[in-house]
Amino acid sequence: PGEIEAYYTHIRRGRPPTPEQLADLVKRYDAIGGISPLAKRTEAQRAALEQALADRMLGRWMVVLGQKHAAPFIEDAVAELADAGVSEAVGLVLAPHYSEFSVGEYQRRAAEAGERRGLSVRGIAHWHLEPAFLNFLANATREARVGLPANHKVLFSAHSLPERVLVDDPYAAELRESAAAVAERVGLSAPSGWDLCWQSAGRTPEPWRGPDVLEVIRDLGATGECEAVLVCAQGFTADHLEILYDLDVEANAVASEVGLVFARTRSLNDDPAVMTALAERVISRGPESGGR
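Residues numbered from 1 in each chain as written. Predicted model: local features only at pLDDT ≥ 70, side-chain atom pairs only at ≥ 80, totals over all residues. Heavy atoms only, no water.

K.L.:
What's the story with the packing of helix H3 (residues 38–56) against helix H11 (residues 272–285) in this structure? I'm lost.
P.N.:
Between two packed helices, the angle of one axis relative to the other and the distance separating the axes together describe the packing. Where H3 contacts H11, the two axes come as close as 9 Å, and the packing angle between them is 60 degrees. Here H3 is positioned oblique relative to H11, judged by the angle of their axes. Our pair here, H3 against H11, has a crossing hand that is right-handed. For the pair H3 and H11, contact is made by Gln45, Ala48, Leu49, Ala52, Leu53 and Arg56 and by Met275, Thr276, Leu278, Ala279, Glu280, Val282 and Ile283, respectively. Each residue belonging to the contact of H3 with H11 can be placed in one class, and the counts come to 9 nonpolar, 2 polar and 2 charged. (Axes fitted to C-alpha atoms, helices over the stretch in contact; angles between N-to-C directions. Helix = DSSP H or I, 4+ residues; strand = E, 2+ residues; numbered from the N terminus. Parallel < 35°, antiparallel > 145°, perpendicular 65-115°, else oblique. Left-handed = near helix turned anticlockwise from the far one by under 90°. Contact = heavy atoms within 4.5 Å. Nonpolar A, V, L, I, M, F, W, Y, C, P; charged D, E, K, R; others polar.)

K.L.:
Sorry if this is basic, but what is going on with the sheet that holds strand S5 (residues 228–232) here?
P.N.:
By definition, the strands of a sheet pair up through backbone hydrogen bonds, in either a parallel or an antiparallel sense. Read from one edge to the other, the open sheet built from 4 strands follows the order S4-S3-S5-S6, with strand pairing classed as parallel. Edge positions in the sheet fall to strand S4 (194–199) and strand S6 (261–264), since each of these pairs with one other strand and no more. The mean inter-strand angle of the sheet, taken between neighbouring strand axes irrespective of direction, is 30 degrees. The pairing of S5 with S6 spans 4 bridges and is parallel. (Pairing = 2+ DSSP bridges.)

K.L.:
Looking at this model, I keep getting lost on the nonpolar core. Mind explaining?
P.N.:
General note: in soluble globular proteins, nonpolar side chains tend to be found buried as a group. Ranked by size, the top nonpolar core spans 47 residues in total, and within it Trp127, Phe156 and Val274 carry the most contacts. Only H3, strand S1 (88–92), helix H6 (131–145), strand S3 (152–159), helix H7 (171–186), S4, S5 and H11 provide two or more residues apiece to this core. If near-sequence neighbours (up to four positions away) are discounted, Trp127 is found in contact with Leu92, Val93, Leu94, Ala95, Pro96, Phe133, Thr237, Leu268, Val274, Leu278 and Arg281. By size, the runner-up hydrophobic cluster in this structure holds 27 residues, among which are Tyr8, Ala233, Leu241 and Tyr245. (Core = buried A, V, L, I, M, F, W, Y, C linked by side-chain atoms within 4.5 Å. Buried < 20%, exposed > 50% of the residue type's maximum accessible area, 1.4 Å probe, protein only.)

K.L.:
Could you clarify how one ought to interpret the pattern of salt bridges in this entry?
P.N.:
Should their charged atoms come close, side chains of opposite charge can pair. Tallied over the entire structure, the rule returns 23 salt bridges. Where Glu105 meets Lys68, a salt bridge forms, and the shortest distance between an N and an O atom there is 3.3 Å. You can see Glu105 sitting in helix H5 (residues 103–117) and its partner Lys68 sitting in the loop between H3 and helix H4 (74–83), a full 37 residues away along the chain. Residue class for Lys68 comes out buried when judged on its relative accessible area of 10%. A salt bridge links Arg266 to Glu143; the nearest nitrogen and oxygen atoms lie 2.8 Å apart. Highlighted residues: Arg266 in the loop between S6 and H11 and Glu143 in helix H6, separated in sequence by 123 residues. Judged by its relative accessible area of 44%, Glu143 falls in the partly exposed class. (Salt bridge = Lys/Arg side-chain N within 4 Å of Asp/Glu carboxyl O.)

This is the structure:
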């Protein structure tokens, strides 16, 4: 909890939050137990990927964690590899859908840090149509639908981004592609059975992509179109604040207000099948030489 202000300041690119903004964020963390499980979840993903790579190519790969807004930073991860004598690396971002604003920034920072240390970094741009990923979402959606009223709607959500960065950016199209692929696997028809929405928009005056999941839930309640709503947070790969608060607390409360049953799919976290598939992608993107 004591690190929240520094983290928030980094997200805001060095601009400290106002006391009101900080208090609101602390309140959100308090609502999920005071701390996010994201660090533990991400470490579990790192370890699972490392094990999957070791199962295929023992002693060939090391997997390190680099983060965007908190230590260890992306540059720290590159330095760790360089210090270990690694000359070629693969950058895998734990976000399936590519945006220049998100995945692109991770890859740029890794490549620039690698160039300074004589380390070549090859990035994996996206994996939103990875069959193991789509199968996970489809299975999670089927499981979550059990027990819901027959008249329900599935909302595929992802983190909203500012409209200005989505001009000529593939993010929105990739999200629709993966949602459609999952819906086909589950047997959902659009627009009655499923739709795409957005969540967790930043608190800035500029327009962010919508419609927001809370707005969609309110509209569904007002129109009486369905009795329940199921959110599949396809844009997120681990349980954290945007899942445990924005959906489990906030969206759940809105659904209750408008008389809808609320449910969401389980998060990917360190699912073995997906981690194995990502290991295969890392290997295929890796160096052709026999070096580490």
